[in-house]
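This is what each chain is made of:
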There are 2 protein chains.
Amino acid sequence: MPNRRAVFFVSDRTGITAEALGNSLLTQFDGFEFRKITIPFVDSPEAADRAIAQINESAERDGKRPIVISSIVDEKLSERVRESNARVLDFFQAFIAPLEQELSAKSSHAAGRSHGLRNSQEYFSRIEAINFTLAHDDGQSTKELHRAQVILVGVSRCGKTPTSLYLGLQCGIRCANFPLTPEDFERGTLPDSILPHREKLFGLTIASERLQAIRQERRPDSPYASATQCKREVLAAERLMESAGIPMLNSSTKSIEELATTILLQRNLDRHIF
Amino acid sequence: MPNRRAVFFVSDRTGITAEALGNSLLTQFDGFEFRKITIPFVDSPEAADRAIAQINESAERDGKRPIVISSIVDEKLSERVRESNARVLDFFQAFIAPLEQELSAKSSHAAGRSHGLRNSQEYFSRIEAINFTLAHDDGQSTKELHRAQVILVGVSRCGKTPTSLYLGLQCGIRCANFPLTPEDFERGTLPDSILPHREKLFGLTIASERLQAIRQERRPDSPYASATQCKREVLAAERLMESAGIPMLNSSTKSIEELATTILLQRNLDRHIF
């Protein structure tokens, strides 16, 4: 039986940073089953007391004190949370003091501003990247391709859409994506509409077995999902991209985050951090 | 002149956690201008040396040592980075030891597994949430609304699409969205197709000045973007949602992350942490 433990992510704002940090740490411990609970918007004594009650109940029920990853800027509130019946890892407490010292400045201790709305311009540019990406999904539109920062190409269902959406939504990058189809392979050249933008193209490829599994979910037992078809398309797409000198990434063993990060790095693009 | 300082986010994987943590800390310091550089995939001595060279060059050029937020699991590599000419905040170093103690277990020290591809099932369910959200954007499809976990409603351009995409892509939630239009206001009832799913509906509203600014970007000087039209639609939508007993959030002053977190909290839905 695995070792079980409750883990609370407690934050004065969305809890997204606490979750990212906490998960990163928890993945280092094998053989545990962590029950994860996020408590966001702990920005008042009442909210802190409710969070503490929930943490203490969990400790009692499990007979084991939970782990709490806390990201609360207000010192009084975070102290309060540290007194719960739990092992509290408080990252503001750990890092604000050394930063204050390094910057010779006092922190503002204003409630978590990360993942909040900072200014309209930033919001508009994020929305614009999302709209651009949606409008240019799967080759739907080509008239504004010159405004794209990246154009992903590859066979149908190799991961272009999720990666594009991630780049738009989470990195503020205008990313179009364009399918490579059996007609392109027959002709042996890239589609006309993306040819003028060759320097922005980035290829995604995929193991044919994985492609088959994904297409099978989508259109069970269709020719489109057959092993032969998947193998043939992947091979032809790789050849086409290689001969056109397009950089290529294999999406089979990479998460959306890893794909996006690698593309930005290779294309020398900065992601916007929201 | 603002106080400038270079900040490096150094990671053995994507750097997303280091960025989240670092930004959260940096927002606490007013009056600084931080130049942010992410160095992902520092997973070999050679990559570490390249990162260190970049950090040290920056220190020399600026005449001020940079701040480094480091998230590298491998102890030898992270030690190496700590010897650069910088103030290094190393979050594995800070938190792994107390966690090991609390769990009475050794951490695996396997290179960062967060934001990586853990298993196919998780990947498929994420992709499914994204596909569902895309297929049900802006009322495009209604036939699978019974499978939605949330259905966002509101006037055109009040923030439904970005919030839905965020919920799909970043939280693994099947989120549909459906516009409320002048025809609905005239009729005075919710659209027929969403009526059977009232318990899943969640309303977004927006300040009419902000809506006007957003629509003005979209279709400059159209009746659609006029002050009167925006005011009228917002008021009518709020009335309709109120009378139907739909919970409502104002998107004007909230980030996408805050909207998504609040919706999940109020609907008692767990977000999947990728």
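No experiment lies behind these values; they were computed from the predicted model shown.

> Which residues make up the relation of the copies chain A and chain B, and what values do they have?
Mapping chain A onto chain B calls for a screw motion: a turn of 180° about the axis and a shift of 0.0 Å along it, with 0.0 Å RMSD after fitting. Given the turn and translation reported, the copies of this chain are related as if by a two-fold rotation axis. Counting the interface residues of chain A, we find that 100% of their copies in chain B are interface residues as well, pointing to one common contact surface.

> So what's going on with the interface of chain A and chain B? Residues and values would help.
Counting from both sides, the interface comprises 57 residues of chain A and, opposite them, 57 residues of chain B. Contributions of two or more residues to the side of chain A that touches chain B are made by helix 1 (16–26), strand 2 (32–39), strand 3 (67–71), strand 4 (87–90), helix 4 (91–103), helix 5 (120–135), helix 6 (160–171) and helix 10 (256–266) of chain A. Within the side of chain A that touches chain B, the residues separate by chemical class into 28 nonpolar, 18 polar and 11 charged.

> Can you explain the nonpolar core? Please cite residues and give values.
Grouped together as the largest cluster of nonpolar side chains are 80 residues, with contacts concentrated most on A:Val150, A:Ile151, A:Val153, A:Ala260, B:Val150, B:Ile151 and B:Ala260. Excluding anything up to four places from it in sequence, A:Val150 contacts A:Leu167, A:Ile173, A:Cys175, A:Lys200, A:Phe202, A:Ile263 and A:Arg267. Formed by 62 residues, the second largest nonpolar core is a distinct cluster that contains A:Ala20, A:Leu99, B:Ile52 and B:Phe91.

> An account of the environment of B:Phe8 is requested, with residue identities and associated values reported.
Residue and element names in this part refer to chain B. On the secondary structure map, Phe 8 appears in strand 1 (residues 3–11). The exposure class of Phe 8 is buried, given the 27 C-beta atoms found within 10 Å. Sequence-wise, Phe 8 and Thr 262 are 254 residues apart; in three dimensions their C-alpha atoms are separated by 31 Å. Those residues within four positions of Phe 8 in sequence are excluded, and the remaining contacts are Ile 37, Ile 39, Ile 55, Pro 66 and Val 68.

> So what about unusual backbone geometry? Which residues, and what values?
Residue and element names in this part refer to chain B. Residue Ser 104 is not a glycine yet carries a positive backbone phi of 50°. Structurally, the position occupied by Ser 104 is in the loop between helix 4 (91–103) and helix 5 (120–135). With phi around 55°, Asp 138 is a residue other than glycine that occupies positive phi space. For Asp 138, the position within the fold is in the loop between helix 5 and strand 5 (150–154). Exposure remark for Asp 138: the 14 C-beta atoms within 10 Å place this residue in the partly exposed category.

Reading guide: rules and limits
- Residues numbered from 1 in each chain as written.
- Chains lettered and ligands numbered in written order.
- Predicted model: local features only at pLDDT ≥ 70, side-chain atom pairs only at ≥ 80, totals over all residues.
- Least-squares fit on C-alpha atoms with pLDDT ≥ 70 in both.
- Contact = placed C-beta atoms within 7 Å.
- Helix = DSSP H or I, 4+ residues; strand = E, 2+ residues; numbered from the N terminus.
- Nonpolar A, V, L, I, M, F, W, Y, C, P; charged D, E, K, R; others polar.
- Core = buried A, V, L, I, M, F, W, Y, C linked by C-beta atoms within 7 Å.
- Buried ≥ 20, exposed ≤ 12 C-beta atoms within 10 Å, placed from the backbone.

Read these as spatial facts, not as claims about activity.
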